[in-house]
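Residue-level listing of the chains:
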Amino acid sequence: MPREPHPRWHIADVLDRSDLGALLDELAQPAAFRAGPGRRWHCPAPDHDDHRASVTMHRDRHGHERWRCWSGDHRGDAVDLVMLTTGRDRGEAVDWLASRAGMIPDRPVPPIRPRQPSHAPAVVPSPLVEQYVTACQRILQTSTGQPVREWLAARGFDSDTIRENRLGADPGRTVMRRARGLPYGTSPAAVLPALDPAGHLTYVQARYLNPDIAGRKYDNPSASIAPHPRLAHPLVRGERGEMLLVCEGLPDALIAAQAGYRTAALLGAQTPDDAVAARLANLADAHQIGIAIVCDPDPAGRHATSVLADLLDRAGVEPITVTPPDGLDLNAWALTDPNWALDLDCHLTTSTVDVAPHPYADVAAGVEP
Ligand SMILES: [Zn+2]
């Protein structure tokens, strides 16, 4: 009697009951000294001598775990992993996973194992950060918070954006005492919390209203109470476009999120590195969207953009670069042009069309001064 290729199981049922992390531990080589959400494995592809441990895991939009090798074009789900490492064909691999998951033909399928949160915060700040953010949110609503409310309004942030992203007012250390390690509070500042993709507070920045008086633009917590997350993800309103917009700094990212774009803010002056690129590529992959880098109109911005574009390219994502018109940053563009988001959508859509040889060339040409 001929063997049926995919006899008994829905692949989704099998994947829901498979633990990809445990399978990778068993069938691929785990990287030394890496555990928890950021763990990595050496690539399971037999023809890839992956001494750097390039494989990470994520969940796709159907909730299924997937693995991806960032230094070769290797990726897949648990079934692909079993096929690749054991030489089974697809039907056999599904059968093998089903029996491992305790699935028996003609019996009810066993319950799905409890799912671990896919975006467990990688960095957990001290409770002092939460207290500081909460206090500053409260102060924003008082008369003391008036100058910060005006500053936020002048940036174009509406009340929903302010509330959802927990923006606040730091009146300065003469008015509000604070624990060592929190932003110093030389003078009044707008408080811009950094959230991870799941909306957990990971960090906070104080943006001085008057950098001349404060002697600097931003003040950050010390590393001992909040490790620098490098990236922040403002809560997005609705769903606009098919792109993750990478912006320089929280004000640009907040204004883009308010317009409905999924965004990532690059925090700090440090040039993006491999780890930042991998996190961005992973996030875009998980949401099945592309990446557009919004470039600041200065030499530092152009440098950061080209470095990040190269890193993303190596991670298997070809990003689009958007340069706002007239030497403006994104926040300024949004303030001067009521149709900025429509313009941007237009550029993002036309540039996703796969036209040879340089589909993105006219985007840059079209919007650059
Ligand atoms: Zn590989």
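Basis of the calculations
- Residues numbered from 1 in each chain as written.
- Predicted model: local features only at pLDDT ≥ 70, side-chain atom pairs only at ≥ 80, totals over all residues.
- Helix = DSSP H or I, 4+ residues; strand = E, 2+ residues; numbered from the N terminus.
- Buried ≥ 20, exposed ≤ 12 C-beta atoms within 10 Å, placed from the backbone.
- Pairing = 2+ DSSP bridges.
- Contact = placed C-beta atoms within 7 Å.
- Axes fitted to C-alpha atoms, helices over the stretch in contact; angles between N-to-C directions.
- Expected span 1.5 Å × (residues − 1).
- pLDDT = per-residue confidence, 0-100.
- Core = buried A, V, L, I, M, F, W, Y, C linked by C-beta atoms within 7 Å.
- Left-handed = near helix turned anticlockwise from the far one by under 90°.
- Nonpolar A, V, L, I, M, F, W, Y, C, P; charged D, E, K, R; others polar.

Some words on the overall build of the chain
When you go through the chain residue by residue, the secondary structure sums to 14 helices and 14 strands. A total of 369 residues make up the chain; the buried ones form 40% of that total.

So, the sheet that holds strand S13 (residues 290-294)
Reading across from one edge, S10-S12-S11-S13-S14 is the order of the five strands in this open sheet, with mixed pairing throughout. The open sheet has two edge strands, strand S10 (231-232) and strand S14 (320-322), and neither has a second partner. Where strand S11 (residues 243-248) meets S13, four bridges bridge the pair, whose relative direction is parallel. By the bridge assignment for S13, Leu245 is matched with Ala292. Along the sheet, helix H10 (residues 274-286) contacts S10, S11, strand S12 (262-266) and S13; its crossing angle with S11, the most-contacted strand, is approximately 150°. On top of the sheet, helix H11 (residues 299-314) reaches S11, S12, S13 and S14; it is set at about 165° to S13, its chief contact.

Structural notes on the pairing of strand S8 (residues 201-208)
Counting buried positions along S8 gives seven out of eight residues, so the element sits mostly inside the fold. Two elements, strand S7 (residues 189-195) and S8, share seven bridges in a ladder whose sense is antiparallel. Of the residues in S8, the one forming a bridge with Pro193 is Val204. Linkage of S7 to S8, two consecutive antiparallel strands, is achieved through a turn of five residues, within which Gly199 is found at a positive phi near 90°. Pairing analysis gives two bridges linking S8 to strand S9 (residues 218-219), with the strands arranged antiparallel. Bridge pairing links Ala206 to Asp219 in S9.

Details of H10
Each α-helix winds once per 3.6 residues, and so residues spaced three or four apart point in a common direction. With 13 residues, H10 ought to run about 18 Å at 1.5 Å a step, and its terminal C-alpha atoms sit 18 Å apart, in line with that. Taken together, the buried positions of H10 are Val276, Ala277, Ala278, Arg279, Leu280, Ala281, Leu283, Ala284 and Asp285. Gln288 sits one or two positions beyond H10 and adopts a positive phi of about 55°.

With respect to the sheet that holds S7
Spatial ordering of the open sheet is given by S6-S7-S8-S9, a layout of four strands whose pairing is antiparallel. Edge positions in the sheet fall to strand S6 (168-170) and S9, since each of these pairs with one other strand and no more.

Quick notes on unusual backbone geometry
Positive phi is not limited to glycine here, since Asp106 has a value of about 65°. Tracing the backbone through its elements, the reader meets Asp106 in the loop between helix H4 (90-100) and helix H5 (127-140). The phi angle at Asp326 is positive, at roughly 55°, despite the residue not being glycine. For Asp326, the location among the structural elements is in the loop between S14 and helix H12 (330-336). Judged by the 12 C-beta atoms lying within 10 Å of it, Asp326 is exposed.

What about the confidence of the model for the chain?
Taken over all residues, the pLDDT of the chain has a mean of 84, while the share at 70 or more is 87%. Helix H14 (residues 361-367) is the least confidently modelled element of the chain, averaging 36 in pLDDT, while S6 averages 98, the highest of any element. Counting contacts from residues 1-5, a segment whose pLDDT is below 50, to residues more than four positions away or on other chains yields one contact.

A closer look at the environment of Ile225
With respect to the helices, strands and loops of the structure, Ile225 is situated in the loop between S9 and S10. For Ile225, a count of 17 C-beta atoms within 10 Å translates into the label partly exposed. What Ile225 contacts, discounting residues up to four positions off in sequence, is Pro125, Ser126, Leu128, Val129 and Gly181.

A few points about the nonpolar core
Val191, Val246 and Leu280 are the most contacted members of the largest nonpolar core, which has 91 residues in total. Ranked by residue count, the leading element in this core is H10, at seven residues. Excluding residues that lie within four positions of it along the chain, Leu280 makes contacts with Leu244, Val246, Ala264, Ile291 and Leu312.

Observations concerning the pairing of strand S4 (residues 65-69)
One face of the sheet, then the other: side chains in a regular strand alternate in exactly this way. Here S4 lies mainly inside the structure; five of its five residues are buried. Where burial is concerned, the two faces of S4 agree: the one with Glu65, Trp67 and Cys69 and the one with Arg66 and Arg68 are both buried. For strand S3 (residues 55-59) and S4, the ladder comprises five bridges, and the chain directions are antiparallel. Across the sheet, the residue bridging to His58 is Arg66, located in S4. Hairpin connection between S4 and strand S5 (residues 74-76): a loop of four residues separates the two successive antiparallel strands.

Some words on the packing of H10 against H11
Packing of H10 against H11 brings their axes to within 9 Å, and their N-to-C directions diverge by 60°. The crossing of H10 and H11 is right-handed. Of the residues in H11, those touching H10 at Asp274, Ala277, Leu280 and Ala281 are Leu308, Leu311 and Leu312. Here the residues of the contact of H10 with H11 are counted per class, giving six nonpolar, no polar and one charged.

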